[in-house]
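# Chains, contacts and geometry: an overview
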Amino acid sequence: MKKLICAVLILCMAFSLCACGGSTYGVRELEVLVEQEYSLAFRNDDSTYNYVTAAIETLNAEGTVGDLTGKWFGSSIIDFKKDAKALEKVGMPEPRTFIIGVDINSFPMAYVVDGNYWGFDVQLAMAVCERLGWTLQYQSIANRNAYVELSSGNVDCAWGGMVLEQTDSKDSKKKQKMTLTAPYLENRLLLIVRGDSKY
């Protein structure tokens, strides 16, 4: 449990440092361990992509995305387009069950507490489904299996902190087989020490 709490605190600190535009707050960056982009992934040519992105753009224009960003991160670090008429342009879809694949090890994006899914991405998916009149269903998946889960039809969208590392050539090949939204969060995992440390 202590290791999990430490990992969560380190991730929160890394998110905070990235959001602060380089402000160090008494710490010094030793090394960038991983650079990541958070995107939503869909099967190629799946019209679900159009409805979900339109709903997000509409919710962002109305301030819902900003409210969730403030709640989870304290500042505006999430980047989605805004278009108040996006849903009008694509029209409302038929009611359905929308299955999202979430990586529950991606706090604060998605995680499980007492058997309930929670996090920024989970709450955003809830808002999207409420707007579209869809029933939301969760499927826990590992990030590395996002393409397999999508192509098999096990999930409709890989959502919940689906991280595709920019430097991995295998992920580049997978990107061609999936439709990705523009990254809505760019993150760096850092190895840091106190500013006055000898290390």
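Rules behind the numbers
Residues numbered from 1 in each chain as written. Predicted model: local features only at pLDDT ≥ 70, side-chain atom pairs only at ≥ 80, totals over all residues. Heavy atoms only, no water. Helix = DSSP H or I, 4+ residues; strand = E, 2+ residues; numbered from the N terminus. Phe/Tyr/Trp six-rings, centres within 6.5 Å; stacked < 30°, edge-to-face > 60°. Lys NZ or Arg CZ within 6 Å of the ring centre and 35° of its normal. Buried < 20%, exposed > 50% of the residue type's maximum accessible area, 1.4 Å probe, protein only. Pairing = 2+ DSSP bridges. Core = buried A, V, L, I, M, F, W, Y, C linked by side-chain atoms within 4.5 Å. Contact = heavy atoms within 4.5 Å.

### With respect to unusual backbone geometry
Across residues other than glycine, the phi torsion is negative in most instances, and most of the peptide bonds are trans. Omega for the peptide link from Phe 107 to Pro 108 comes to 5°, which places this bond in the cis form. By secondary structure assignment, the location of Pro 108 is in the loop between strand E3 (97-102) and strand E4 (111-113). Positioned with a positive phi, Asp 45 is a non-glycine residue whose angle comes to about 65°. Inspection of the secondary structure assignment puts Asp 45 in the loop between strand E2 (41-43) and helix H2 (48-62). The residue Asp 114 is not glycine, and still its phi comes out positive at about 50°.

### Observations regarding the packing of aromatic side chains
Overall, the coordinates contain 10 aromatic pairs when judged by the stated rule. Members of the aromatic cluster, each reached through a chain of ring pairs, are Tyr 51, Phe 98, Trp 134 and Trp 159. Over the ring of Trp 134 we find Arg 96, and its NZ or CZ is 5.0 Å from the ring centre.

### Quick look at the pairing of E3
Most of E3 is tucked away, with 5 of its 6 residues classed as buried. Relative to strand E7 (residues 157-158), E3 runs parallel, the two being bridged by 2 bridges. Each bridged residue has a counterpart across the sheet, and for Gly 101 the counterpart in E7 is Ala 158.

### Section: the environment of Asp 46
Its location among the elements puts Asp 46 in the loop between E2 and H2. Judged by relative accessible area, Asp 46 falls into the buried class, the value being 18%. For the pair Asp 46 and Asp 156, spaced 110 residues apart in the sequence, the C-alpha separation amounts to 8.8 Å.

### A closer look at the nonpolar core
Formed by 38 residues in total, the largest nonpolar core has its most connected members in Val 52, Ile 78, Phe 98, Phe 120, Trp 159 and Tyr 184. Of all the secondary-structure elements, those providing two or more residues to this core are H2, helix H3 (64-73), helix H4 (86-90), E3 and helix H5 (120-132). Among the elements that take part in this core, H5 stands out by supplying 8 residues, more than any other. If sequence neighbours within four positions are ignored, Ile 78 has contacts with Val 65, Thr 69, Phe 73, Phe 120, Tyr 184 and Leu 185. In terms of nonpolar packing, the next biggest core, distinct from the first, is built from 8 residues, Ala 41, Ala 146, Val 155 and Ala 158 among them.

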